[in-house]
There are 4 protein chains.
Amino acid sequence: MTTPEPCFDVAHLGHVELLTDKPEASLDFFVNVYGLTESGREGDSVYLRGFDDYEFHTLKLTAANTTGAAHIAYRCSSPQALERRVAAIEALGAGIGWTNGDLGHGPAYRFRDPDDHVFEIYYETKRYVAPPAERPALKNIAQRYHGRGVCVRRLDHLNLLAADVGAIREFLPRALGSRVTEEIVLDTGEVAACWFTVNNKSYDIAYSGDHTGTHGRFHHVTYAVDQREDVLRAADIFLENGVYIETGPHKHAIQGTFFLYVYEPAGNRVEVANAGARLIMQPDWETVRWTETERKKGQAWGLQTIKSFHTHGTPPVDGP
Amino acid sequence: MTTPEPCFDVAHLGHVELLTDKPEASLDFFVNVYGLTESGREGDSVYLRGFDDYEFHTLKLTAANTTGAAHIAYRCSSPQALERRVAAIEALGAGIGWTNGDLGHGPAYRFRDPDDHVFEIYYETKRYVAPPAERPALKNIAQRYHGRGVCVRRLDHLNLLAADVGAIREFLPRALGSRVTEEIVLDTGEVAACWFTVNNKSYDIAYSGDHTGTHGRFHHVTYAVDQREDVLRAADIFLENGVYIETGPHKHAIQGTFFLYVYEPAGNRVEVANAGARLIMQPDWETVRWTETERKKGQAWGLQTIKSFHTHGTPPVDGP
Amino acid sequence: MTTPEPCFDVAHLGHVELLTDKPEASLDFFVNVYGLTESGREGDSVYLRGFDDYEFHTLKLTAANTTGAAHIAYRCSSPQALERRVAAIEALGAGIGWTNGDLGHGPAYRFRDPDDHVFEIYYETKRYVAPPAERPALKNIAQRYHGRGVCVRRLDHLNLLAADVGAIREFLPRALGSRVTEEIVLDTGEVAACWFTVNNKSYDIAYSGDHTGTHGRFHHVTYAVDQREDVLRAADIFLENGVYIETGPHKHAIQGTFFLYVYEPAGNRVEVANAGARLIMQPDWETVRWTETERKKGQAWGLQTIKSFHTHGTPPVDGP
Amino acid sequence: MTTPEPCFDVAHLGHVELLTDKPEASLDFFVNVYGLTESGREGDSVYLRGFDDYEFHTLKLTAANTTGAAHIAYRCSSPQALERRVAAIEALGAGIGWTNGDLGHGPAYRFRDPDDHVFEIYYETKRYVAPPAERPALKNIAQRYHGRGVCVRRLDHLNLLAADVGAIREFLPRALGSRVTEEIVLDTGEVAACWFTVNNKSYDIAYSGDHTGTHGRFHHVTYAVDQREDVLRAADIFLENGVYIETGPHKHAIQGTFFLYVYEPAGNRVEVANAGARLIMQPDWETVRWTETERKKGQAWGLQTIKSFHTHGTPPVDGP
């Protein structure tokens, strides 16, 4: 009997649609402080991206009367791979159906994870074409290094809250072919948090237990910077711009990422991170399991995990 | 008619076997200055790896009466993928045949590239298991960050010389399923250099034209460090240890990697590099083509490419 | 009436003598983990220095049945300046008298600060002369960048505890000609902490209130590294070597230094720090006064000051 | 007989007045690319400073029909020290006389160095007071870290060309009380270059031989950034903004500074540099003398000194 081969149907995390009830302040944060660039707008949405994101957008910021993530999107490796994933998701009974896409990409198939977050997968995309003023000096990056604000390079990963992370741990590998690179399993056997990847990045999405029991909440979105020094510099930029710093800079024990968490003006949590040269290239990577005791040691260099990390999500919950 | 799907059969560059005619000095360099760790030895070979390389070895250093690369190895994604690649290589008429592997891995299928470099592909591998003194504080890395010398993290890529890079450009995608991420094409149409990858790294092997017309020569091996600061620190360590610095630190125009080249005592070129957060996650990445004129501008910030870059390879050539 | 001129009699902090009741473990820490180099030993003391400290030693580590600082030394600008300082200190009634110096320097005049810490000032010193194996590649640094452990560059500053910081604030400018660059003044008017300098560094000694009311205790000694990345790297080295990390890396609100605090095996607190390009070159610098409210905001990016910061000193309060 | 005491009369380099025949382009460079902030303008001059320069200005940029430095200014330690320096300079026969100062400072005494560069010394200065939009989050820095362009922290040093550097080596210590920290002496005995400081910085002014034999020319002005990473980031910013990069980033053999040289639009050379934690605190520092042979080795890690370094100065030799 042969071992099943790894799945490469999904190429990478594509974008997230974030809702904001303070659209002007949020846009100012993402463009002038965080350093994303606007590539278009339509209806209540502004399309944004990091300077080396190759697609038209990686963040769709939509004005709404609430906050949180409206949908999360992954790009497939090929049209055939997209078809295979749609079939797999339909077999799981999680499908919603096709959409026509938007300014940034073509047809997308939508589905729900077991915690009611809305996902979509697509293949046809719109590449970002830099207008003259944004053309890079070196043509192998998508846009010039503009140096505005934190000037994040590219979308890195998302973190979502879920009432039952164990159910997600079963679902995502089946739906997207994701691998579980690391996880926290409590003494009770409950999966407290779980990190997934579809490619060589050590994670592109993570789920943490929502202690409020609410469904479908968003924890944070992260863009990558090239160096840890960029994270330290970001801290000064956030400080000088009155952005609330929740915790960090510090190094995660899990995944080893150097991180910094802030809240954008509408309350959505945003991270700046650098993973160094860490990649998961091993095709038969075995999930690293952290125990409750290990987790209590805090972050890599001893910083205790901040309490709001387990309660602050968007949209906020009315009462604990 | 459908577009063929991307190939994911080969997971990553596995190791290189380097020859040295100054085995003691070379070993001292790789262990105490470059910061690799020995995991075993057998016959004339010492097996070495970076602190976060998950396999038993990524560098096999073999005493010989010459220098250069004896063979280059890639690990496949699965046993089935290995079979598919063997069939493809045999169909190309490039196969040599199976070996039983060595201390670090199981059966491997050997073949030659059009310039007579010897490659092998394998699936069964031996994971590095850290002895007690080398166990990391955080269990998601392979070995403790020992801090010795440059303390490189993991094997990153190789560069080989070839008389006809254009032939390699045709061969490697067929043999390994590699993608060509960037290339230099001269005004004559000749491919002067070419960068390949089998995964999300922007390159795992590169070929440069051998101006001496010799075949099968080695240009350099590169290990990754987590930060550009590690490259700068490496320069001081090389300086203080009398290691010949050929060029750098500087930023490559092509691929954008921050680099530093030195010669180990036997003359093999060795690089320390950091790629920042740059990855090729795009499944339909289009090769970036650099012209002769663009190449003459030098490296990213204007450093002219050093002349020895095009002539110094191992083994050395008798006469130009 | 003319403003008195600034005093330049004291050139810089010279060294500290630290006591340890675990001499072997402390020495191993300072040499192999922190990266100091031994330049000599005599009696129960080992003389140590950072790789670019120009003097024979900046840390005298003495085996004892307790911990803490035995004495703190400053080097004067000239023999004449030394005489002036001795006269000033005698006029303050704080003098102890002359010693013959030790392996590292010539005659020194000892005195006590109002909290009973022992200080000495001297001019004649012994320059470190690197033995052949430690000679730097570039002759403008004192010793080669050896790259061992954290590899700190030079002594930076000390922090002492005092029951009455306000008394120290009056005393040090008169005794050493120090300037007060920053201070924390509580709502009660009490000086909670105070930072002093005798040169262009923004501080070479700081005092914090000892909440236990004990006299003469030591808070920490700090060596400087060249980059913030060196502090981050130090954190990994401490982690892998089982060194207790108390807090950091983070950026001080006061003075803006990037810091990391650990305990050496005997319990003396040790810091690794980087001040960036910050210097106090202004001859008429006005003391920056921080209020109790401002201090409660925590460190620069919001990290709360750890509780042990105000209680952990050496020797410990209840006996050794 | 007693050794003379060190001189502390001059506190620090104050500012430089640079001439530009492309005033709009130069101002755009200094504000939007280099990251200085305008604090005022008067006549043909714009007053500029780094974000942590405490004075009203450190760069006075004046529109003219030529380029180069119109004058160089040092601030004294006290009014009395200013008087002593004026007397010393008059005794040297180098004095020009008093000016009333300008927007940035009070009365200044002007003099010429032996190569006809105009200097001034002053004590009364105008402190920069940040307008509300520029107030820092932490009150111990002069202005917020605005993050615009390279965002240099503070004026660091100047380099001037001189036909006879040996004459300068005699003059500056007598005029300003400067110390010679390092020098290059050719096999002929000629001083090829010389580095001076009046405080703990390892140099605040340097002179290099002008191979054209012209007098009074300017070589470069340097602002300090906090980290080497800021220099690397600056290189990308210059690249993306079409600024000519002459050489670097690399590490100077002499003084060990990490550097990057560019030309501002009018041709004046501008450096971005980081000195790490290097300071000269030793009161009896002995000049480090580099030989012609040592100098030929190039910079610290082997980069050859670029040829234009010895010929490009402002104003250019053949008319403006």
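Treat the numbers as computed from the prediction; the structure is a model and nothing was measured.

Participant: Any chance you could explain the interface of chain A and chain B here in plain terms?
Facilitator: Often, the extent of an interface is quoted as the loss of accessible area on bringing the components together. Between chain A and chain B, the contact holds 53 residues from the first and 53 residues from the second. In terms of surface lost to chain B, no three residues of chain A exceed K139, N140 and M281 of chain A, which account for 16% of the buried area on that side. Along the contact surface separating chain A from chain B lie 8 salt bridges. Ionic pairing is found between R127 of chain B and D284 of chain A, a salt bridge with its closest N-O pair at 3.0 Å. Residue assignment for the side of chain A that touches chain B shows that the elements contributing at least two residues are β1 (10-20), β5 (68-76), α2 (79-91) and β17 (288-291) of chain A. Its residues assigned to classes, the side of chain A that touches chain B shows 21 nonpolar, 15 polar and 17 charged.

Participant: How do you make sense of the sheet that holds strand β11 (residues 191-197) of chain C when you look at a structure like this?
Facilitator: The pairing of strands in a sheet happens through backbone hydrogen bonds and is either parallel or antiparallel. Residue and element names in this part refer to chain C. Read from one edge to the other, the open sheet built from 9 strands follows the order β14-β15-β16-β13-β9-β12-β11-β10-β17, with strand pairing classed as mixed. Every interior strand has two partners, whereas the edge strands, β14 (244-251) and β17 (288-291), have only one. Pairwise comparison of adjacent strand axes, ignoring direction, gives a mean angle of 15 degrees for this sheet. With 4 bridges connecting them, strand β10 (residues 179-185) and β17 associate as parallel partners. Each bridged residue has a counterpart across the sheet, and for V185 the counterpart in β17 is T291. In the packing of helix α3 (residues 165-176) onto the sheet, the strands contacted are β9 (154-162), β10, β11 and β12 (205-209), and the crossing angle to β11 comes to about 20 degrees.

Participant: How should I be thinking about the relation of the copies chain A and chain B in this particular structure?
Facilitator: Each of the two chain copies can be brought onto the other by rotation about an axis and movement along it. Of the transformation placing chain A onto chain B, the axial shift is 0.0 Å and the rotation is 180 degrees, giving an RMSD of 0.0 Å. The operation mapping one copy onto its partner corresponds to a two-fold rotation axis. When the interface residues of chain A are mapped onto chain B, 100% of them again fall at the interface, so both copies present the same face.

Participant: What am I meant to see in the relation of the copies chain D and chain C here?
Facilitator: When chain D is fitted to chain C, the residual RMSD is 0.0 Å, and the transformation amounts to a turn of 180 degrees plus an axial shift of 0.0 Å. A symmetric contact is evident, with 100% of the interface residues of chain D recurring at the interface of chain C.

Participant: I keep staring at the sheet that holds strand β2 (residues 37-42) of chain B and nothing clicks. Help me out?
Facilitator: Residue and element names in this part refer to chain B. Spatially, 8 strands are ordered β2-β3-β4-β1-β5-β8-β7-β6 in an open sheet, and the strand pairing comes out mixed. At either end of the open sheet lies a strand with only one pairing partner, and these are β2 and β6 (95-99). Looking at each pair of strands side by side, their axes are set apart by 25 degrees on average, direction ignored. Strand direction decides the pairing type here: strand β5 (residues 68-76) and strand β8 (residues 118-122), joined by 4 bridges, are parallel. Paired with R75 across the strands is Y122, a residue of β8. With respect to the sheet, helix α1 (residues 23-33) is in contact with β1 (10-20), β2, β3 (45-49) and β4 (59-63), its orientation differing from that of β4 by roughly 160 degrees. Packed on one face of the sheet, helix α3 (residues 165-176) meets β1, β5, β7 (108-112) and β8 and runs near 165 degrees to β7.

Analysis parameters
- Residues numbered from 1 in each chain as written.
- Chains lettered and ligands numbered in written order.
- Predicted model: local features only at pLDDT ≥ 70, side-chain atom pairs only at ≥ 80, totals over all residues.
- Heavy atoms only, no water.
- Contact = heavy atoms within 4.5 Å.
- Buried area = accessible area lost by both parts, 1.4 Å probe.
- Salt bridge = Lys/Arg side-chain N within 4 Å of Asp/Glu carboxyl O.
- Helix = DSSP H or I, 4+ residues; strand = E, 2+ residues; numbered from the N terminus.
- Nonpolar A, V, L, I, M, F, W, Y, C, P; charged D, E, K, R; others polar.
- Pairing = 2+ DSSP bridges.
- Axes fitted to C-alpha atoms, helices over the stretch in contact; angles between N-to-C directions.
- Least-squares fit on C-alpha atoms with pLDDT ≥ 70 in both.

Coordinates in, geometry out; function isn't part of it.
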